[in-house]
Every structure is written in C-alpha cells, then in structure tokens.
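Results of the structural survey
Chain by chain, the residues:
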Amino acid sequence: MTGLYRHVAAAALLLCVAQPTVAAEPATELWDGQRALGSIADLLRFTPRSMGAPGHQQTIDYIKSAMAKSATDAVLTQSFTETGEDGKPIHLTNIIARFQVQNPRRIIVATHYDSIVKAYRDPKTPDAPMPGANNSASAVALLLETARVLSLSPKPDIGIDMIFFDGEEGPKSLGAGDPTWHPLGSPHFVTHLKDYYPNRRPEEIVDFDMVCDKDLALKPDPSSLASAGPEVQKFWAIGKAIAPSAFPTTPTAYPISDDHTAFQEAGIPGFLVIDFDYEPYFNTTQDTIDQCSAASLQTVGRTLLKYLYTP
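Because the structure is predicted, anything quoted here is derived from the model rather than measured.

Definitions and limits used
Residues numbered from 1 in each chain as written. Predicted model: local features only at pLDDT ≥ 70, side-chain atom pairs only at ≥ 80, totals over all residues. Heavy atoms only, no water. Helix = DSSP H or I, 4+ residues; strand = E, 2+ residues; numbered from the N terminus. Rg over C-alpha atoms; globule rule 2.2 N^0.38 Å. Buried < 20%, exposed > 50% of the residue type's maximum accessible area, 1.4 Å probe, protein only. Contact = heavy atoms within 4.5 Å. Areas by Shrake-Rupley, 256 points an atom, 1.4 Å probe, with all protein chains shown as cover. Lys, Arg positive; Asp, Glu negative; His and termini not counted. Charge placed at Lys NZ, Arg CZ, Asp CG, Glu CD. Polar contact = N/O pair within 3.5 Å; in protein donor to acceptor, adjacent residues only side chain to side chain. Axes fitted to C-alpha atoms, helices over the stretch in contact; angles between N-to-C directions. Parallel < 35°, antiparallel > 145°, perpendicular 65-115°, else oblique. Left-handed = near helix turned anticlockwise from the far one by under 90°. Nonpolar A, V, L, I, M, F, W, Y, C, P; charged D, E, K, R; others polar. Salt bridge = Lys/Arg side-chain N within 4 Å of Asp/Glu carboxyl O. Expected span 1.5 Å × (residues − 1). Pairing = 2+ DSSP bridges.

**Overview of the overall build of the protein chain**
Helix and strand counts for the protein chain stand at 8 helices and 6 strands. Shown N-terminal to C-terminal, the secondary structure of the protein chain runs as helices and strands in the order α-α-α-β-β-β-α-β-α-β-α-α-β-α. Scaling as 2.2 N^0.38, a compact globule of 311 residues should have a C-alpha radius of gyration of about 19 Å, and the protein chain matches this with 21 Å. In terms of overall dimensions, the protein chain has a C-alpha envelope of 90 × 40 × 35 Å along the principal axes. Each of the 311 residues in the protein chain was classed as buried or not, and the buried ones make up 53%. Of the contacts made within the protein chain by residues no fewer than 6 positions apart, 79% connect residues no fewer than 24 positions apart. Total accessible area computed for the protein chain in this model is approximately 13900 Å², and 56% of it derives from carbon and sulfur atoms. One way to put it: in the protein chain the 25 positive side-chain charges average out to a point 7 Å from where the 36 negative ones average out.

**With respect to the environment of Ser224**
Within the element layout of this structure, Ser224 appears in helix H6 (residues 222-242). Considering only alpha carbons, one finds Ser224 and Leu193, 31 residues apart in sequence, at a separation of 21 Å. Those residues in contact with Ser224 that lie beyond four places of it in its chain are Gly229, Val232, His260, Gln264, Gly270, Phe271 and Leu272. For Ser224, the side chain forms a polar contact with the side chain of Asp221, separated by 2.4 Å.

**Notes on the packing of helix H4 (residues 133-150) against helix H8 (residues 294-309)**
Between H4 and H8, whose axes approach to 10 Å, the crossing angle comes to 50°. By the criterion of interaxial angle, the relationship of H4 to H8 is oblique. H8 is crossed by H4, and the crossing has right-handed handedness. Of H8, the residues touching H4 (which contributes Ser138, Leu142, Thr146, Val149 and Leu150) are Leu297, Val300, Gly301, Leu304, Leu305 and Tyr309. Among the residues forming the contact of H4 with H8, the class breakdown is 8 nonpolar, 3 polar and no charged.

**Observations concerning the pattern of salt bridges**
Evaluation of the coordinates by the stated rule reveals 11 salt bridges. A salt bridge links Glu85 to Lys172, with the shortest nitrogen-to-oxygen separation between them at 3.4 Å. Of this pair, Glu85 sits in the loop between strand E1 (74-83) and strand E2 (89-99) while Lys172 sits in the loop between strand E4 (159-165) and helix H5 (185-191); the two residues are 87 residues apart in sequence, bridging distant segments of the chain. Among the charged side chains, a salt-bridge network with shared partners connects Arg35, Glu145 and Arg148.

**Describing the environment of Thr72**
If you trace the backbone, Thr72 turns up in the loop between helix H3 (54-68) and E1. With 51 residues separating them along the chain, Thr72 and Pro123 place their C-alpha atoms 43 Å apart. Those residues in contact with Thr72, other than ones at most four positions away along the chain, are Met67, Ala97, Arg98 and Phe99. Engagement of the side chain of Thr72 in a polar contact is seen with the backbone oxygen of Arg98, the distance being 2.8 Å.

**Quick word on H8**
Look at H8: 23 Å from first C-alpha to last across 16 residues, which is about the 22 Å you get at 1.5 Å a residue. When H8 is considered as a whole, its buried residues turn out to be Ala294, Ser296, Leu297, Thr299, Val300, Gly301, Thr303, Leu304, Leu305, Tyr307, Leu308 and Tyr309. Of the residues that open H8, the one with a side-chain oxygen 3.2 Å from the backbone nitrogen of Ala295 is Ser293.

**Quick word on the sheet that holds strand E3 (residues 106-112)**
A sheet is described by the order of its strands in space; here 6 strands give the open sequence E1-E2-E4-E3-E5-E6, paired in mixed fashion. Whereas interior strands pair on both sides, the edge strands pair on one side only; in this sheet they are E1 and strand E6 (270-274). Neighbouring strand axes in the sheet, compared pairwise and without regard to direction, differ in orientation by 20° on average. By the bridge criterion, 4 bridges tie E3 to strand E5 (residues 204-209) in an arrangement that is parallel. Residue pairing in the sheet places Ile108 in a bridge with Ile205 of E5. Contacts from H3 reach E1, E2 and E4, with the element oriented near 10° to E2. Lying on the sheet, H6 is in contact with E5 and E6; it crosses E6 at an angle near 60°.

**Some thoughts on unusual backbone geometry**
For the bond running from Thr47 to Pro48, omega is 0°, close enough to zero to count as cis. Counting through the fold element by element, Pro48 comes out in the loop between helix H2 (33-44) and H3. Unusually for a residue other than glycine, Ser173 sits at a positive phi of about 55°. Inspection of the secondary structure puts Ser173 in the loop between E4 and H5. The exposure class assigned to Ser173 is buried, which follows from its relative accessible area of 4%. Within the chain, Met210 stands out as a residue other than glycine whose phi angle is a positive 55°. If you trace the backbone, Met210 turns up in the loop between E5 and H6. For Met210, a relative accessible area of 1% corresponds to the buried category.

Shown next, in the form of structure tokens:
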C-alpha cells in the first residue's frame, strides 16, 4: 500500500470512528388520539368489564387480538386464582406483550383493564354499571396505540414489556369504594417476577391510569418521586415540551397507590402517570367517552413514545 493510500484509508477509518451514534427516533407523528379514542369506544361495548362479568373475557380477547397485530414478539397470559373475602375463587388474567424479547435491558409499560362493578359514587344510580371510559379504558387505549406506532418505528435501545394487569380494582371490584382495597394482578406478577425475568430484573415500570381527561393535569405523586425521581423528571420534561399545561410539576398532596406500588416495594423504580382529579365523573355513570379528549390521549402517547427512545 502506497503512502497516499495509507493516508486515505486512515482518514476513512477515522471518519467512521468519529461519526456519532444517531439514536433511533420513533414515528411520533403517527400516534393518533382519534384512533385511541376509537379503542375506548370499542372497550365500552364490553361494560361492565369487572372480574367475572362477560365483558371481562371480551376485554381480554380484544387486547390480545390488538397486540397480536403489532410487532410484539409474544403475547402471553398469566392466569391465576385468588380467594375473595366470601371464600369464593376469583379468576384473574394478566396480559404480557413483549417487544424485543432477547434484549436483556427491559422496561415495563403498564396499566389495568378491569373496571369497577358498579357506579357506587353516582348520586342517582349507584348500582348501575360504571362505563370506565377514563378509569380503565383510557390507558388500555394508550398502550394499544403505542404498540401500533412502535411497530412502525425503528427499534428502541431497550426491550419493552406492555403489561395489562387484572384485578387493579381490588377483590370486590370497587376500587376506592372498598375500604380494604388492594390490587391483585400486579402483586401476583411481582411475586412471580423470575418467570419472566430469570436473569435480570426490569429497569423500571411506568404505570398509566386515567389519562383522557379534557382538562389534563398530570401531577407526579410523592411515591413516584421517591422511587424514580430522575425518570419522573425526564418524562415530565418531555411532556412539558409537548403540552406544558398538561404536566404541572407540583406533586399531588398524597401518595397514590396503583399497579406500580408492588414494584416499588420490591425495589424496582416505578412511577405513575395519572390525572386523579376527575370530578364529578369519577366512578359514576358519567365516566363516558364524552368526557375523553383525543388531544389528551395524543399528548400522553407521544410523550411516552419519546420517553422510550430517550437515553
């Protein structure tokens, strides 16, 4: 090799080495709030979606079918039985959709799909079915649309497990209306974590609930800040760049327990994305699709997408 060729080859090699690694970018603009709103409408057809109701199994089938159309490597179910206070068995099913299953670095993106059994806070018809457009259907729709757009985007640097937990509304399917409320699906999953993560635990969990409010104001809760402060700051910074008013940084006045709590207790960083101020519709017959905003869903969905691709 002549001196000239050696210099050219060396320069070419240096140029290759010097090129910065370009991070993959998601197809954020494809995340469609109207499509997500359509998923909410589909889910409301199965109301009530509480454990034991026919709509519960219909919801399971709907989620599995939608996820099977995405680029997920596997859609798994974790079925188990708990015993209710009346001694009767409660049959539950967690749904786990895994993207890039061979990637050892993993993040959980989660929500719950069960709804409460009745609209106990409704001033007129407290025994009527509670539609749950915001409280349960909104975050399911969020994950389904995110899965669709992930399938149209380059692969992120981390493997993603989307988990749809059962039994978040507790053994009586009454959520906050049950003084002894506690989630069922997420603690069971954490107890059996090694079934899905035999060698390396997930790096974090991001949990979503009630994200379609028209007047969206997602405040971080104290438990999230204590467990995953840097991750909360990153998520909220991305969100504020998209919709500043939707991401106030003032924490909620109290910690909020949800499906992320069991992970926090197991030492896995986790945070909750929720707009818990949903009056006067919370757990009433008025939690309908009319109260939902496609723009709010799109704001949260595009924030999530960017977060998953941000180092």
